[in-house]
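Residue-level structure breakdown
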Amino acid sequence: MTATIIRTAPPATRTLAWPAWLMAALAFAVAISGSGAATLNGDELATISAAQRSIGGLWELSQQIDGHFLPYYLFMHLWVKAGTAELWIRLPSAIAIGVAAWFLTDLGRRLHSTTAGVTATALFAALPSVSYYGAFARSYAFAAAAVVLAFWALLRALDEPRRTSRWVLYGGAVALICCTHLFAVLTLPAHLLLARRTTWMPMLAALAVGGLPAVALGLIGYGERHAISWIPQRGPEVLLKFPKMAADSMEVGLLLFAVALAGAAAYWFIRKDRVAWALVAWLVLPPVLLLAVSHLVTPVYVDRYLFVTAPALALLAGIAVASVPRMPVAAAAALTVVTIVLAVPAQADVRDYNGRYADFPGAVARIKTQPGDALVYGQSSERKGVLYYAKKPLPDDVLLVSREPEAHGFAFPERDDVAAVLEGRQRVWMVWRGAKTATLPRIEAVRRAGFEQASAWHSAEIPGLTVALFIRS
């Protein structure tokens, strides 16, 4: 039997837009509910630092570090003009999750049924990873929304391949993927599984034009690969952790993976439709390709780069339970309830005040300033978080040269004559990222200046933040 592409839902169902809007509102509410709980981490503070620069400053920064984030930083440059409060700075990500939910609901309806679309989005909203990245001031939620939009636009173009406007929309969605996060393009090979003899040319043309931003940003990123030298090389065993990464919960991830893959197999067996394998490829190809890039070019395998697979996981699982004979609604409800229950511990962790693993408010609270105290940072970039959360006078920042971050990064210009600036001081507070036993050059410089550690506090996570008091010996 010749494989075919499933057509869109019958015209009578096209007026049922309210489920998509309802599920979009639900996903947005879930995402925004965590925005005011957990404190900002270093990556989010880097977003604020970049967004507060001038356009020229952003361009200079992008030539040194985070060049592939330039489109996102330009958007946030406009957004932060209204403020940098936690809720406001994370709001765009929550909105992006809502957009992804709308298209995911309609995508499930077009591929199978309204039950499949609603269930897929309910599962998507229940994922702890969605709560995390929906309340995270980086571009990962934008990338997920762009990936769902592109798959949705592709199905519409394949349904009416003679309409040029459909291919233009698809090409625009591909370009949006490229502008949200460079490695989100690893979802695009899955689209090729849907190509037919009569659609190869317009599809490749749309991919070629839409992929131009990826070429530019990829070249910039390759030139800046020194900035991600901290990423370790991973082996094939890291793929075993992928279900946990996609859901941010091992229990939820394994459950939905099992349901999703079984559903894809059943979908193919019953309908002989390549869409099933395209959805599977959307789910499983990105981690495999990212690992391949890590070994062929430079280590780049980081879990958060693969959040774009979460919609595919939810969509496949939603289609699977909606295909259960005679009781699709009951099966969908059961899976959704079980998913929500299993996700409760991880959802609570995400919403913990230290859910982003950077307890800057806790660090600031441990600093008990006395007149004449000095403050020294183990890493200059940690200053941004302390200043953001400081609600009280801090010790004298004796090494700081300028409150403007360095043009080529997120650190601040500092003096290097530690002993000289600490002359006459009796107490020095230090803040650094890492354990109490860390051996950083700045810590050793304070010791050589005649100080010994009197006390230290470390946040709960690893590497975490350490606040230590040094007293002149």
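Just so you know, these numbers come straight off a predicted model, no measurement behind them. (Residues numbered from 1 in each chain as written. Predicted model: local features only at pLDDT ≥ 70, side-chain atom pairs only at ≥ 80, totals over all residues. Heavy atoms only, no water.)

Scanning the protein chain from N- to C-terminus turns up 20 helices and five strands. A globule of 473 residues ought to have a C-alpha radius of gyration of about 23 Å, and the protein chain, at 25 Å, matches this closely. In the protein chain, which comprises 473 residues, the share counted as buried stands at 54%. The contacts in the protein chain between residues at least 6 apart in sequence include a share of 75% that link residues at least 24 apart. Carbon and sulfur atoms form 65% of the exposed surface of the protein chain, whose accessible area is close to 19900 Å². Distance between charge centres in the protein chain, computed from 41 positive and 30 negative side chains, equals 10 Å. (Helix = DSSP H or I, 4+ residues; strand = E, 2+ residues; numbered from the N terminus. Rg over C-alpha atoms; globule rule 2.2 N^0.38 Å. Buried < 20%, exposed > 50% of the residue type's maximum accessible area, 1.4 Å probe, protein only. Contact = heavy atoms within 4.5 Å. Areas by Shrake-Rupley, 256 points an atom, 1.4 Å probe, with all protein chains shown as cover. Lys, Arg positive; Asp, Glu negative; His and termini not counted. Charge placed at Lys NZ, Arg CZ, Asp CG, Glu CD.)

Moving on to the environment of Arg 156. Within the secondary structure, Arg 156 sits in helix 8 (residues 140-159). Distance in space between the C-alpha atoms of Arg 156 and Leu 306 is 25 Å, their sequence separation being 150 residues. If we ignore the near neighbours within four places in the chain, the residues touching Arg 156 are Arg 110, Arg 166 and Leu 169.

Let us now look at a nonpolar patch on the surface. A cluster of nonpolar residues, Leu 192, Trp 200 and Leu 204, forms a patch on the protein surface that exposes about 250 Å² of accessible area. Tracing the sequence through the fold places Trp 200 in helix 10 (residues 200-210). (Patch = residues over 30% accessible without salt bridge, like charges linked within 9 Å, V, L, I, M, F, W, Y side chains within 5 Å. Salt bridge = Lys/Arg side-chain N within 4 Å of Asp/Glu carboxyl O.)

Okay, the sheet that holds strand 1 (residues 374-377) next. Taken in spatial order, the five strands of this open sheet run 2-1-3-5-4, and their pairing is mixed. Only two strands of the sheet have a single partner each, and these edge strands are strand 2 (396-397) and strand 4 (451-458). One ladder, built from seven bridges, connects strand 4 with strand 5 (residues 465-472); its direction is antiparallel. Across the sheet, Glu 452 pairs through a bridge with Ile 471, a residue of strand 5. (Pairing = 2+ DSSP bridges.)

Before going further, it helps to spend a moment on the side chain of Ser 249. On the secondary structure map, Ser 249 appears in the loop between helix 12 (242-247) and helix 13 (250-271). The buried category is assigned to Ser 249, whose relative accessible area is 5%. At 3.4 Å, the side chain of Ser 249 and the side chain of Glu 251 are in polar contact. When neighbours within four sequence positions are excluded, Ser 249 is seen to be in contact with Pro 128, Pro 243, Lys 244, Leu 342 and Ala 346. (Polar contact = N/O pair within 3.5 Å; in protein donor to acceptor, adjacent residues only side chain to side chain.)

Attention now goes to the confidence of the model for the protein chain. Scored by pLDDT, the protein chain has a mean of 92; 97% of the residues are at 70 or more. Ranking the helices and strands of the protein chain by mean pLDDT puts strand 1 first, with 98, and helix 11 (residues 212-223) last, with 88. With pLDDT under 50 throughout, residues 1-15 is counted as low confidence; its partners more than four residues away or in other chains account for 28 contacts. (pLDDT = per-residue confidence, 0-100.)

Our focus in this paragraph is the side chain of Arg 90. On the secondary structure map, Arg 90 appears in helix 5 (residues 86-111). Given a relative accessible area of 0%, Arg 90 falls into the buried group. A distance of 2.7 Å separates the side chain of Arg 90 from the backbone oxygen of Ala 38, its partner in a polar contact. Sequence-distant contacts of Arg 90, defined by excluding residues within four places in its chain, comprise Gly 34, Ser 35, Ala 38, Thr 39, Leu 40, Glu 44, Gly 134, Ala 135, Phe 136, Ala 137 and Arg 356.

Once that is clear, we can look at the nonpolar core. Judged by nonpolar contacts, the single largest core of 141 residues is most densely connected at Leu 107, Leu 111, Phe 124, Tyr 170, Leu 279, Trp 282 and Leu 315. The greatest single-element share of this core, amounting to 17 residues, is contributed by helix 8. Among all residues touching Leu 107, those that are not within four sequence positions of it are Val 148, Phe 151, Trp 152, Leu 155, Trp 282 and Leu 315. Formed by 18 residues, the second largest nonpolar core is a distinct cluster that contains Val 398, Val 428, Met 430 and Ala 468. (Core = buried A, V, L, I, M, F, W, Y, C linked by side-chain atoms within 4.5 Å.)

Okay, helix 4 (residues 70-79) next. Listing the buried residues of helix 4 in full gives Leu 70, Tyr 72, Tyr 73, Met 76, His 77 and Trp 79. Along the axis of helix 4, the buried residues cluster in a sector spanning 165°; they form a single face. Buried residues belonging to helix 4 abut helix 2 (42-51), helix 3 (55-62), helix 5, helix 8 and helix 9 (164-180). (Arc of directions from axis to C-beta.)

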